[in-house]
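Descriptive analysis of the structure
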Amino acid sequence: MFPIFGDSRDKNHRPVLILPIGSWDIRRAVLTGNGHLLQRNFFKLVEEQIKNLNNLRDSSGKKINQFILIVDLAGFSLRTHACFSCVQVLTQLLLALESNYPLYTKTAYLINSKCNIDQCSTKIKFL
């Protein structure tokens, strides 16, 4: 329903967490009252990745404690994904990710975006 992929590693053996947000039907989930399922699924999968982090070591034996986050926006459009409630759900996910799991994200990338961040931020005002 809301896939998250976490089975890849970068060259330093850090886990790579891929969020294909463009393929998620956020609007349908929110409008049918299932936004909480999206949040629950998201945090379940993030928790699994963090548990995996506790057992990982790099090639020198040093503990790995951060992952790489890739947000894939292929298929994302403001018309279908940016209803007011959808933006609230996405904002809550990102804010909760940083507040509940601080410093776990080494680097975050946005890929396959149709507009640059400045253009998107002027169309969507986050609270």
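Residues numbered from 1 in each chain as written. Predicted model: local features only at pLDDT ≥ 70, side-chain atom pairs only at ≥ 80, totals over all residues. Heavy atoms only, no water.

**Side note on the overall build of the chain**
Assigned secondary structure in the chain consists of five helices and four strands. Across the chain, helices and strands are ordered from the amino to the carboxyl terminus as β-β-α-α-β-α-α-β-α. Residues classed as buried in the chain amount to 39% of the 127 residues present. Long-range contacts, defined here as pairs at least 24 residues apart, represent 73% of the contacts in the chain between residues at least 6 apart. As displayed, the chain has an accessible area near 8,000 Å², and 54% of this comes from carbon and sulfur atoms. (Helix = DSSP H or I, 4+ residues; strand = E, 2+ residues; numbered from the N terminus. Buried < 20%, exposed > 50% of the residue type's maximum accessible area, 1.4 Å probe, protein only. Contact = heavy atoms within 4.5 Å. Areas by Shrake-Rupley, 256 points an atom, 1.4 Å probe, with all protein chains shown as cover.)

**Side note on the sheet that holds strand S3 (residues 67-72)**
Across the sheet, four strands lie side by side as S1-S2-S3-S4; this open sheet has mixed pairing. Edge positions in the sheet fall to strand S1 (5-9) and strand S4 (105-111), since each has one partner strand and no second. Strand after strand, the sheet turns through a mean of 25° between neighbouring axes, direction not considered. Bridge count for S1 against strand S2 (residues 15-19) is three bridges, and the pairing is antiparallel. Looking at S2, one finds that Arg9 is bridged to Pro15. Lying over the sheet, helix H2 (residues 35-53) contacts S1, S2 and S3, oriented at roughly 170° with respect to S2. (Pairing = 2+ DSSP bridges. Axes fitted to C-alpha atoms, helices over the stretch in contact; angles between N-to-C directions.)

**Brief notes about the packing of H2 against helix H4 (residues 84-100)**
Between H2 and H4, the least distance of the axes is 11 Å, while the angle of their chain directions is 25°. Here H2 is positioned roughly parallel relative to H4, judged by the angle of their axes. Handedness of the H2/H4 crossing: right-handed. When H2 is examined against H4, the residues Leu38, Gln39, Phe42, Phe43 and Val46 are found in contact with a partner set consisting of Val89, Gln92, Leu93, Ala96 and Leu97. Of the residues that constitute the contact of H2 with H4, the class distribution is eight nonpolar, two polar and no charged. (Parallel < 35°, antiparallel > 145°, perpendicular 65-115°, else oblique. Left-handed = near helix turned anticlockwise from the far one by under 90°. Nonpolar A, V, L, I, M, F, W, Y, C, P; charged D, E, K, R; others polar.)

**Let's talk about the pattern of salt bridges**
Evaluation of the coordinates by the stated rule reveals three salt bridges. Linking Arg14 and Asp10 is a salt bridge whose minimum nitrogen-to-oxygen distance equals 3.3 Å. Here Arg14 falls in the buried class, since its relative accessible area comes to 18%. Of the residues examined, Asp10 reaches a relative accessible area of 21% and is grouped as partly exposed. The salt bridge partner of Glu48 is Lys44, with a shortest N-O separation of 2.9 Å. Of this pair, Glu48 and Lys44 are both found in helix H2, four residues apart, which corresponds to roughly one turn of the helix. (Salt bridge = Lys/Arg side-chain N within 4 Å of Asp/Glu carboxyl O.)

**Some details on the nonpolar core**
Counting 31 residues, the largest nonpolar core has Leu19, Ile21, Trp24, Ile26 and Phe42 as its most contacted members. For this core, the elements supplying multiple residues, two or more each, are S2, helix H1 (26-31), H2, S3 and H4. Among the elements that take part in this core, H2 stands out by supplying seven residues, more than any other. Apart from the residues lying within four places of it in its own chain, the contact partners of Phe42 are Ile4, Leu19, Trp24, Leu93 and Leu97. (Core = buried A, V, L, I, M, F, W, Y, C linked by side-chain atoms within 4.5 Å.)

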